[in-house]
Amino acid sequence: MNKKVIFGKRFKDIRKKFGYTQDKMAEIAGIEPQSISKIESGKNFPLLSNLDKIADKLGIEMEDFFCYEHKAPVEQLRTELLEVFDSLDQADKEKLLRIAKILKV
């Protein structure tokens, strides 16, 4: 997935969290609604000045738009976890299992 698409998904998540339509986000930034659509679909990045306006209006930091590593798809997480698991020796695999069970509680 390219960076514009990943950013667009995060941007859309934030917009929806605040209950705003694309039209409202466009109004906040002073841009056309089609621009918001292009950002969310991964076709364009927003100008930093527009992103700054939106962040100010929402009461969040600009870097909040870039905190999306935790949003990895479940299958990707599973694959990465299995890769780590497979690279461990038996003793570390058992430790990892104990840690996983603690997190489950």
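Residues numbered from 1 in each chain as written. Predicted model: local features only at pLDDT ≥ 70, side-chain atom pairs only at ≥ 80, totals over all residues. Heavy atoms only, no water.

Enquirer: Just to check I follow, could you spell out the pattern of salt bridges for this structure?
Expert: Side chains bearing opposite charge may pair, as long as their charged atoms lie close to each other. Evaluation of the coordinates by the stated rule reveals four salt bridges. Across the salt bridge formed by Lys24 and Glu27, the nearest N and O atoms sit 3.5 Å from each other. With Lys24 and Glu27 both in helix H2 (residues 22-29) and three residues apart, this pair spans about one turn of that helix. Given a relative accessible area of 29%, Lys24 falls into the partly exposed group. (Salt bridge = Lys/Arg side-chain N within 4 Å of Asp/Glu carboxyl O. Helix = DSSP H or I, 4+ residues; strand = E, 2+ residues; numbered from the N terminus. Buried < 20%, exposed > 50% of the residue type's maximum accessible area, 1.4 Å probe, protein only.)

Enquirer: Even after reading the chapter, I still don't get the nonpolar core, so can you show me in this structure?
Expert: For soluble globular proteins, the rule of thumb is that nonpolar side chains tend to be buried together. Counting residues in hydrophobic clusters, the biggest one holds 15 residues, and the most contacted among them are Phe11, Met25, Ile54 and Phe65. Every element with two or more residues in this core is listed here: helix H1 (3-17), H2, helix H3 (33-40) and helix H4 (48-58). Aside from chain neighbours lying at most four places away, what touches Phe65 is Phe7, Arg10, Phe11, Ile14, Leu51, Ile54, Ala55 and Ile60. (Core = buried A, V, L, I, M, F, W, Y, C linked by side-chain atoms within 4.5 Å. Contact = heavy atoms within 4.5 Å.)

Enquirer: Is there a simple way to think about the side chain of Arg15 in this case?
Expert: With respect to the element layout, Arg15 can be found in helix H1. Engagement of the side chain of Arg15 in a polar contact is seen with the backbone oxygen of Tyr20, the distance being 2.8 Å. When residues no more than four places from it in sequence are discounted, the contact partners of Arg15 are Tyr20, Thr21, Gln22, Met25 and Glu40. (Polar contact = N/O pair within 3.5 Å; in protein donor to acceptor, adjacent residues only side chain to side chain.)

Enquirer: So what exactly am I meant to see when it comes to the packing of aromatic side chains here?
Expert: Here a ring pair, both rings aromatic, is described through the centre-centre distance and the interplanar angle of the planes. According to the stated counting rule, one finds six aromatic pairs in the structure shown. Between Phe7 and Phe66, the aromatic rings sit 5.3 Å apart at their centres with planes inclined by 40°, giving tilted as the arrangement. One end of the pair, Phe7, is in helix H1; the other, Phe66, is in the loop between H4 and helix H5 (74-87), and 59 residues separate them in sequence. Aromatic rings pair up to connect Phe7, Phe11, Phe45, Phe65 and Phe66 into one cluster. (Phe/Tyr/Trp six-rings, centres within 6.5 Å; stacked < 30°, edge-to-face > 60°.)

Enquirer: Where do I start with the packing of H2 against H3 in this structure?
Expert: A pair of packed helices is captured by two measures, namely the crossing angle of their axes and the spacing between those axes. Their axes nearest at 8 Å, the elements H2 and H3 cross at an angle of 110°. Taken together, H2 and H3 sit at an angle that is classed as roughly perpendicular. Two secondary-structure elements touch here, H2 through Gln22, Asp23, Met25 and Ala26 and H3 through Pro33, Ile36, Ser37 and Glu40. Split by residue class, the contact of H2 with H3 holds four nonpolar, two polar and two charged. (Axes fitted to C-alpha atoms, helices over the stretch in contact; angles between N-to-C directions. Parallel < 35°, antiparallel > 145°, perpendicular 65-115°, else oblique. Nonpolar A, V, L, I, M, F, W, Y, C, P; charged D, E, K, R; others polar.)

Honestly, that's just the spatial picture; any functional story needs more than this.
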